[in-house]
Amino acid sequence: MELLSLAIIIVLIGALLSIGWQLAPLILIGGIVYAAIRYRRQILDMVREMIRGRKGSRKK
């Protein structure tokens, strides 16, 4: 599955370079949305850890 993700990212970058910069924002937003959907659990875990870290540093 990771290989599929890497292939999609490579295709997005290649499309970005070949199409030009007119459709670049659309491609970049599509890539960000794909990454957010694909890695949402890891992103949520990182956000929770950052919030816990901030709360812990305030208590000390």
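Quick look at the structure, then. Remember, predicted model here, so these are calculated numbers, not experimental data.

1. Description of the overall build of the chain
Here comes step 1: Of regular secondary structure, the chain possesses three helices and zero strands.
Here comes step 2: Seen in sequence order, the chain has helices and strands lined up from the N terminus as α-α-α.
Here comes step 3: A compact globule built from 60 residues should have a C-alpha radius of gyration of about 10 Å, whereas the chain, at 17 Å, is more than 25% larger.
Here comes step 4: Projecting the C-alpha coordinates of the chain onto the three principal axes gives extents of approximately 55 × 30 × 15 Å.

2. Looking at the environment of R40
Here comes step 1: Here R40 is to be found in helix α3 (residues 40-59).
Here comes step 2: For R40, the side chain forms a polar contact with the main-chain oxygen of I37, separated by 3.1 Å.

Calculation criteria
Residues numbered from 1 in each chain as written. Predicted model: local features only at pLDDT ≥ 70, side-chain atom pairs only at ≥ 80, totals over all residues. Heavy atoms only, no water. Helix = DSSP H or I, 4+ residues; strand = E, 2+ residues; numbered from the N terminus. Rg over C-alpha atoms; globule rule 2.2 N^0.38 Å. Polar contact = N/O pair within 3.5 Å; in protein donor to acceptor, adjacent residues only side chain to side chain.

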